[in-house]
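Notes for the structure review
These are the residues of each chain, in order.
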Amino acid sequence: MIKFISKQKGFTLIEMIVSLAIFTVVALIAVGALLKITDANKKSQTLKSSINNINFALESMSREMRVGSSYSCSGACSGGDWTITFKSSKTDPATCTNTNLTYAYKYIQADQALYKAKQVNCTVLITSNDFAPLTAPEVKITDAQVKVFTGPDIQSYAWFHFKGYAGIKEKTKSYFDIQTSVSQRLSD
């Protein structure tokens, strides 16, 4: 009897299908993990951006208010739109050397943003057109409160509380809740 021995070696169709199925499962798991890592990275970047932006705004406010005087708040200072004004330590030597310039910070609830304005010289008062955005467009402040404490027996100070978020997509939104206070360096 003659035996035919096949010298061809290789994979069978079933072995190929099984190996492709295993590879597909592993690839899907790897792609899913990569997408999760990408989303986490985007969320951390928006959180970093929002915290840096709010930190910059608060630091700017604190730096100016610390050396200022005559704090006052107008509007709904415990929610809603408000404006806080104060006399800065800066003067306008060209026109009025003995008059400190006024600075103002404004929160507009409809815009969910903070704005800043400063008096350029002592003869021109601040108007609503002088306010420039202090926070980035992607940072939304949903609630901003300020309380100003002044009096003859205390050193003036202001308390701020901001809540909001940064990010456009719901998956990558980062929420923040920040509170700080600023005290006047010298009494009025």
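Here goes a summary of the coordinates provided. (Residues numbered from 1 in each chain as written. Predicted model: local features only at pLDDT ≥ 70, side-chain atom pairs only at ≥ 80, totals over all residues. Heavy atoms only, no water.)

**Side note on the sheet that holds strand E8 (residues 174-183)**
In a beta sheet, neighbouring strands are held together by backbone hydrogen bonds and run either parallel or antiparallel to one another. The following threshold applies: The criterion for strand pairing is that DSSP finds at least two bridges linking the strands in question. Helix numbering and strand numbering both begin at the N terminus, where a helix is a DSSP run of H or I of at least 4 residues and a strand a DSSP run of E of at least 2. Geometry is summarised by axes, namely lines fitted to C-alpha atoms with helices restricted to the contacting stretch, and by angles between N-to-C directions that run from 0 to 180 degrees. Contact criterion: two residues are considered in contact whenever any of their non-hydrogen atoms come within 4.5 Å of each other.
With antiparallel pairing, three strands are arranged side by side in an open sheet as E6-E7-E8. The open sheet terminates on both sides in strands that have one partner only, identified here as strand E6 (139-149) and E8. Strand-to-strand, the axes of this sheet are offset by a mean angle of 10°, without reference to chain direction. Bridging between E6 and strand E7 (residues 157-166) involves 10 bridges; their strand directions are antiparallel. Its bridge partner being in E7, Asp143 is matched across the sheet by Lys163. Across the face of the sheet, helix H1 (residues 13-66) comes into contact with E6, E7 and E8 while running at roughly 15° to E8.

**Concerning unusual backbone geometry**
Our working definition: Burial classes follow relative accessibility: with a 1.4 Å probe on protein chains only, a residue under 20% of its type's maximum area counts as buried, one over 50% as exposed, and anything between as partly exposed.
Its identity is not glycine, yet Ser70 carries a phi of approximately 55°, on the positive side. Mapped onto the fold, Ser70 is located in strand E1 (residues 69-75). Assessed through its relative accessible area of 42%, Ser70 is described here as partly exposed. Of note in the backbone geometry, Gln112 takes a positive phi value of approximately 55° without being a glycine. Mapped onto the elements of the fold, Gln112 is located in the loop between strand E3 (96-108) and strand E4 (113-118). Look at Gln112 and you get partly exposed, because its relative accessible area is 21%.

**Focus: the side chain of Gln145**
With respect to the element layout, Gln145 can be found in strand E6. Note on Gln145: relative accessible area 19%, which makes it buried. Leaving out residues up to four positions away in the same chain, Gln145 has contacts with Cys77, Ser78, Gly79, Trp82, Trp159, Phe160 and His161.

**Describing the packing of aromatic side chains**
Put simply, the rule reads: Pairing of aromatic side chains requires ring centres within 6.5 Å, counting the rings of Phe and Tyr and the six-membered ring of Trp. Pairs whose planes differ by under 30 degrees are stacked, by over 60 edge-to-face, and all others tilted. A ring is scored as having a charge over it whenever the NZ atom of a lysine or the CZ atom of an arginine sits within 6 Å of its centre and within 35 degrees of its normal.
Following the criterion strictly, the structure yields eight aromatic pairs and no others. Measuring from centroid to centroid gives 6.3 Å for Trp82 and Phe160, while their planes differ by 45°, and the two rings are tilted. Here Trp82, found in strand E2 (residues 82-92), pairs with Phe160, found in strand E7; they are 78 residues apart in sequence, far enough to count as distant. As far as the burial class goes, Trp82 and Phe160 line up, both buried. Its guanidinium or amino end placed over the ring of Phe131, Lys106 lies 4.4 Å from that ring's centre, counting from NZ or CZ. Lys173 extends its terminal NZ or CZ atom over the ring of Tyr165, reaching a point 4.4 Å from the ring centre.

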